[in-house]
Amino acid sequence: MSLISLVGAGKDFGLRTLFANLDLHVGERDRLGLIGPNGAGKSTLLKVLAGREPLDQGERRCSSRLNVVLLDQEPDLDPKQTVLEQVFAGSGERMALLREHGLLSHELAETPEDERLLARFSALLHRMDACQAWDLERECHEVLDRLGIGDVHRPVGELSGGNRRRVALAAALVAQPEVLLLDEPTNHLDADGVEWLQGWLDRYPGALVLVTHDRYLLDRVTRRIVAVERGEARRYEGNYATYLAHRAEEEEAEVATAAKFRGTMRRELAWLRQGPKARSTKQKARLQRIEAMREQPARQGRGAVSMAATARRIGKQAITAEGLAVHAGERPLLTDFSYDFSPEDRVGIIGANGAGKSSLLEVIAGLRAPSGGRLELGSTVKLAYFDQHSSVLLGEGGSTARSDRRLADRRLAERKVIDVVQEAASRVEVDGQELSASQLLERFLFPPAQQHQPVAKLSGGERRRLHLCRLLIEAPNVLLLDEPTNDLDVHTLGVLEDFLDDFRGCVVVVSHDRWFLDRTVDRLFCFEQGRLQRFEGNYSAYLERRQVLAAEASRKPASASPAGSIPTAQATASASAPAAQSAPAAKPTPAANAVAQLSQPPRRRSFKESRELERITTDLPSWEARRSELETVLAGGGGDYTRIEGITQELADLLARINAAEERWLLLSDLAD
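Not measured: the values here are computed from a predicted model.

*Asks:* It is not clear to me how the overall build of the protein chain should be interpreted in this structure. Could you clarify?
*Replies:* Secondary structure assignment for the protein chain yields 23 helices and 20 strands. For the protein chain, the proportion of its 673 residues judged to be buried stands at 46%. In the structure as shown, the protein chain presents an accessible area of about 33,900 Å², 49% of it carried by carbon and sulfur atoms.

*Asks:* Quick question: what am I supposed to make of the sheet that holds strand β3 (residues 31–35) here?
*Replies:* The strands that make up a sheet pair up through hydrogen bonds in the backbone, lying either parallel or antiparallel. Spatially, β5-β6-β7-β3-β8-β9 is the arrangement adopted by the 6 strands of the open sheet, whose pairing is mixed. Both outer strands of the open sheet, β5 (68–71) and β9 (232–237), are each paired with one neighbouring strand and no more. This sheet shows a mean twist of 15 degrees between the axes of neighbouring strands, independent of strand direction. Summarising the sheet, β3 and strand β7 (residues 207–211) pair through 4 bridges and their orientation is parallel. Opposite L34, over in β7, you have V211 as the bridge partner.

*Asks:* What is the right way to look at the packing of aromatic side chains in this model?
*Replies:* Each pair of aromatic rings is reported with the distance of its centres and the angle of its planes. Across all of its chains, the model carries 12 aromatic pairs by this definition. A centroid spacing of 5.5 Å and a plane angle of 80 degrees characterise the contact between F337 and F525, whose relative ring orientation is edge-to-face. Taken together, the residues F337 in strand β11 (residues 331–341) and F525 in strand β19 (residues 523–528) connect sequence positions 188 residues apart. When sorted by exposure, F337 lands in the same class as F525, which is buried. Linked through ring pairs, Y216, Y236, Y240, Y243 and W515 together constitute an aromatic cluster.

*Asks:* Is there a simple way to think about the packing of helix α3 (residues 93–110) against helix α4 (residues 115–130) in this case?
*Replies:* Angle between the axes and distance between the axes: these two values describe a pair of packed helices. Taken N-terminus to C-terminus, the directions of α3 and α4 make an angle of 155 degrees; their axes are 10 Å apart at the nearest point. Compared by their axis directions, α3 and α4 come out roughly antiparallel. Note on packing geometry: the crossing formed by α3 with α4 is left-handed. Across the interface between the two elements, L97, L98, E100, H101, L104, S105, E107 and L108 from α3 touch L117, L118, R120, F121, L124, L125, R127 and M128 from α4. Partitioned by chemical class, the residues of the contact of α3 with α4 number 10 nonpolar, 2 polar and 4 charged.

*Asks:* Please clarify how the side chain of N477 should be interpreted in this entry.
*Replies:* In this structure, N477 sits in the loop between α16 (460–472) and β17 (478–482). Engagement of the side chain of N477 in a polar contact is seen with the backbone nitrogen of K382, the distance being 2.7 Å. Once residues within four sequence positions are removed from consideration, N477 is found in contact with R312, R313, I314, T380, V381, K382, F503, R504, G505 and C506.

*Asks:* What am I meant to see in the sheet that holds strand β13 (residues 372–377) here?
*Replies:* Read from one edge of the open sheet, 3 strands run β11-β10-β13, paired in antiparallel fashion. Of all strands in the sheet, those bounded by a partner on one side alone are β11 and β13. The average angle at which neighbouring strand axes cross in this sheet is 25 degrees, direction not considered. Alignment of strand β10 (residues 319–328) against β11, held across 7 bridges, turns out to be antiparallel.

*Asks:* Looking at this structure, how should I read helix α5 (residues 136–146)?
*Replies:* Each turn of an α-helix holds 3.6 residues, which means side chains three or four residues apart point in the same direction. Along α5, the residues that are buried comprise L136, E139, C140, V143 and L144. All buried residues of α5 project into a common sector of 125 degrees when viewed along the axis, lining one side. G148 sits one or two residues past α5 and shows a positive phi near 85 degrees.

*Asks:* Explanation requested: unusual backbone geometry in the structure shown.
*Replies:* The backbone of N21 sits at a positive phi, close to 50 degrees, despite the residue not being glycine. Relative to the elements of secondary structure, N21 occurs in strand β2 (residues 16–27). Located in the positive-phi region is E483, a residue other than glycine, with phi close to 50 degrees. Looking at the element boundaries, E483 is found in the loop between β17 and α17 (490–502).

*Asks:* Help me understand the pairing of strand β20 (residues 531–536), please; the structure alone is not making it clear to me.
*Replies:* On a regular strand, one side chain projects to one face of the sheet and the next to the other, so that they alternate. Taken across its 6 residues, β20 has 5 buried, putting it largely inside the fold. Taken together, the 6 bridges between β19 and β20 define a ladder with antiparallel strand orientation. Residue pairing in the sheet places L524 in a bridge with F535 of β20. Hairpin connection from β19 to β20: 2 residues lie between these consecutive antiparallel strands, with Q529 at a positive phi of about 55 degrees.

*Asks:* Any chance you could explain the pattern of salt bridges here in plain terms?
*Replies:* Once their charged atoms are close, side chains differing in charge can pair, the charge on each being opposite to the other. A full pass over the atoms with the stated rule returns 27 salt bridges. One salt bridge connects E59 with R61, and the closest N-O pair in it is separated by 2.7 Å. Of the residues examined, E59 reaches a relative accessible area of 37% and is grouped as partly exposed. Residue R61 is classed as partly exposed on the basis of its relative accessible area of 43%. For the salt bridge of R415 with E423, the shortest nitrogen-to-oxygen distance reads 3.1 Å.

*Asks:* For this particular structure, what's the right way to read the environment of K357?
*Replies:* Here K357 is to be found in helix α11 (residues 357–364). The exposure class assigned to K357 is buried, which follows from its relative accessible area of 10%. Looking at K357, its side chain comes within polar contact range of the main-chain oxygen of G351, at 3.0 Å.

*Asks:* Would you explain the confidence of the model for the protein chain in this entry?
*Replies:* The predicted coordinates ought not to be read in detail in places where the model reports low pLDDT. Averaged over every residue, the pLDDT of the protein chain is 78; residues scoring 70 or more account for 79%. The low-confidence segment residues 276–281 (pLDDT under 50) makes 4 contacts with residues lying over four places distant or belonging to another chain. The low-confidence segment residues 396–405, where pLDDT is below 50, has 15 contacts with residues more than four positions distant or belonging to other chains.

*Asks:* How should the packing of α5 against helix α6 (residues 161–175) be read in this particular structure?
*Replies:* Where α5 contacts α6, the axes come no closer than 10 Å and their chain directions differ by 145 degrees. In this structure, α5 meets α6 at a crossing whose hand is right-handed. Here L136, E139, C140, V143 and L144 of α5 lie close against α6, whose contacting residues are A170, L173 and V174. Each residue belonging to the contact of α5 with α6 can be placed in one class, and the counts come to 7 nonpolar, no polar and 1 charged.

*Asks:* So what exactly am I meant to see when it comes to empty space enclosed by the protein here?
*Replies:* The method is simple in principle: a probe with the dimensions of a water molecule rolls over the atoms, and the space it marks as empty is what remains. A complete count under the given rule lists 2 cavities of 30 Å³ or more for this structure. Here the largest cavity defines a volume of roughly 70 Å³. What lines the largest cavity is a set of 11 residues, among which R346, D501, R519, T520 and K608 lie closest to the centre. Mapped onto the lining of the largest cavity, the elements with two or more residues apiece are α17, α18 (514–520) and α22 (607–636). Here the residues of the lining of the largest cavity are counted per class, giving 3 nonpolar, 1 polar and 7 charged.

*Asks:* Is there a simple way to think about the nonpolar core in this case?
*Replies:* Across soluble globular proteins, you tend to see nonpolar side chains buried next to one another. In this structure, L144, L169, L173, L180, L182 and L201 are the most contacted members of the largest nonpolar core, which totals 46 residues. For this core, the leading source of residues is α6, giving 8 residues. Filtering out sequence-adjacent residues up to four positions away, L173 remains in contact with V143, L180, W196, L197 and W200. Of all hydrophobic cores here, the second largest spans 45 residues; its members include I350, L471, L488 and V507.

Calculation notes
- Residues numbered from 1 in each chain as written.
- Predicted model: local features only at pLDDT ≥ 70, side-chain atom pairs only at ≥ 80, totals over all residues.
- Heavy atoms only, no water.
- Helix = DSSP H or I, 4+ residues; strand = E, 2+ residues; numbered from the N terminus.
- Buried < 20%, exposed > 50% of the residue type's maximum accessible area, 1.4 Å probe, protein only.
- Areas by Shrake-Rupley, 256 points an atom, 1.4 Å probe, with all protein chains shown as cover.
- Pairing = 2+ DSSP bridges.
- Axes fitted to C-alpha atoms, helices over the stretch in contact; angles between N-to-C directions.
- Phe/Tyr/Trp six-rings, centres within 6.5 Å; stacked < 30°, edge-to-face > 60°.
- Parallel < 35°, antiparallel > 145°, perpendicular 65-115°, else oblique.
- Left-handed = near helix turned anticlockwise from the far one by under 90°.
- Contact = heavy atoms within 4.5 Å.
- Nonpolar A, V, L, I, M, F, W, Y, C, P; charged D, E, K, R; others polar.
- Polar contact = N/O pair within 3.5 Å; in protein donor to acceptor, adjacent residues only side chain to side chain.
- Arc of directions from axis to C-beta.
- Salt bridge = Lys/Arg side-chain N within 4 Å of Asp/Glu carboxyl O.
- pLDDT = per-residue confidence, 0-100.
- 1 Å grid on protein atoms, 1.4 Å probe; cavity = no way out; pocket = protein on both sides within 12 Å on 5 of 7 lines; lining within 4 Å.
- Points joined across faces, edges and corners; volume = space filled by probe spheres on them.
- Core = buried A, V, L, I, M, F, W, Y, C linked by side-chain atoms within 4.5 Å.

The structure is reproduced here in structure tokens:
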């Protein structure tokens with residue numbers, strides 16, 4: 001049965017059509033994912049489904065008593081309410097029943113013999129049992145705890161933007177509506193929070209419509225995909241992986257159709273240019289067909305971001321940290337961190353919210369001073385910092401703090417899209433071609449008409465894309481990325497991942513996006529009690545190893561310490577500060593011991609190494625063939641000593657290359673897939 005139906009739905013945004021002639025039905029226990037480029041209309045479509053945004057064409061049909069909850073990207077919360085009150089506010093009938101129970105209990109205490117009150121109280125208890133109202137407070141505390149919200153009695157107005165967003169998510173989950181609409185629910189969640197949310201959504205009994213950049217979540221939770229793009233909304237049965245397969249087939253068909261159309265058009269135009277003298281009925285029909293083909297609008301290709309940057313040379317030193325310490329006020333976030341980031345490092349930093357991930361990036365970027373230790377950048381380093389708030393768009397000294405929100409909005413209203421890029425460079429060389437700022441913006445899907453609009457009119461994802469464009473035009477060789485996947489659409493994320501794969505420089509990423517970490521990093525540092533635990537491999541390998549070690553630890557007697565556990569000082573990246581110098585610590589739990597052992601996991605092959613192995617496997621046969629050719633030429637002899645000397649040198653170089661490749665092939669082949 002359909003709960004919400006859109007029939008012939010259309011929505012325009014100024015001169016741009018977001019979607020038209022859309023028929024969409026959300027049924028009971030539906031699992032629907034909305035995807036598409038930033039600014040295509042996904043969030044607007046969610047608001048239309050929720051009844052918050054009117055349609056320009058068509059109609060929305062649903063029962064007036066249907067309970068629909070929308071988690072917006074910028075939730076409207078009451079700053080005077082406490083966290084717990086705000087979460088309770090969306091609980092509807094169950095919260096009303098709890099309040100009624102409190103009032104009736106008070107009245108019965110005054111007049112316990114009142115049969116009318118007793119009858120009402122008995123009926124109320126049955127209603128509370130039916131809708132499980134007794135579990136409401138427990139559920140609120142459990143959800144808030146899993147989302148990282150501790151102080152439930154704190155006013156909402158005192159919370160950071162990320163915490164306000166998590167409170168809004170908790171309220172939406174606890175409400176348990178018949179239809180739950182979630183717009184980027186994983187923003188501001190750490191990796192453990194995303195894992196928990198995925199399990200919660202798997203068990204959710206109502207209908208779900210989801211907009212998210214988290215491709216693992218999209219793949220594992222959804223059962224139907226709607227792609228909003230180019231003014232259309234296409235429906236695909238199946239999860240995200242199934243959608244990708246269908247989309248690849250469609251693109252191949254579109255390319256073939258376009259090629260066939262161009263071939264037909266060329267033939268018809270060639271016939272037309274011959275200037276036939278006769279005007280038979282058949283020839284007139286052919287002229288009409290040519291005219292129709294000329295007038296037929298060509299289907300616009302799917303917009304794709306083109307990310308490329310001029311390579312800037314980087315020396316042997318990128319970033320060196322020795323005994324680094326970072327504090328937040330009096331609270332230590334990181335102590336005694338030592339590590340030498342290499343020029344081609346791919347490092348991911350993970351940990352709970354508030355652990356210090358962003359603070360560490362700010363120290364590396366030079367935006368805050370370390371509390372102790374030494375940090376040194378190489379002399380050739382050109383560093384670019386992609387922060388969570390895209391504060392570069394506000395201009396120098398821009399701030400996104402609540403106290404400066406009005407000033408930030410005013411700055412955004414004054415700055416044009418093209419100004420943001422031209423401040424960095426008016427022209428740039430990309431892939432051997434010189435581009436103007438306007439041409440570069442077009443590569444990032446900002447058409448000329450949009451380039452002179454205020455930045456304030458851009459969607460959140462478009463602002464992030466503009467921020468990337470601004471950074472890459474400066475040709476950095478060290479990238480610091482703080483939650484780069486927030487608000488970016490899945491197509492842009494794929495292009496960014498490909499860019500990082502070919503990027504010649506050091507990349508340090510803070511992210512909770514499991515797919516992105518799997519694609520881009522070879523090494524992880526995990527915040528654990530003020531220290532960074534080092535793990536070789538990507539995030540999936542880290543999770544797998546952690547689960548294995550936790551399971552092994554849980555099977556051991558509580559009094560026994562896990563075999564092979566590694567002292568904390570050895571498990572960290574620090575090269576100094578032995579454990580004996582640290583303050584006495586409580587006895588580690590099995591889970592903590594499991595995490596400590598992560599520094600010695602089975603080595604897994606990274607995505608980049610897998611591609612390297614494929615290249616070597618492809619290249620070796622051709623190199624061997626060339627080697628045979630050169631050896632045959634040398635065996636034949638000849639009097640041209642200059643030529644023979646050149647061949648001998650080429651053969652020596654080729655043999656060295658083959659030997660090195662074979663050794664590398666053996667090393668990579670031994671790694672686990």
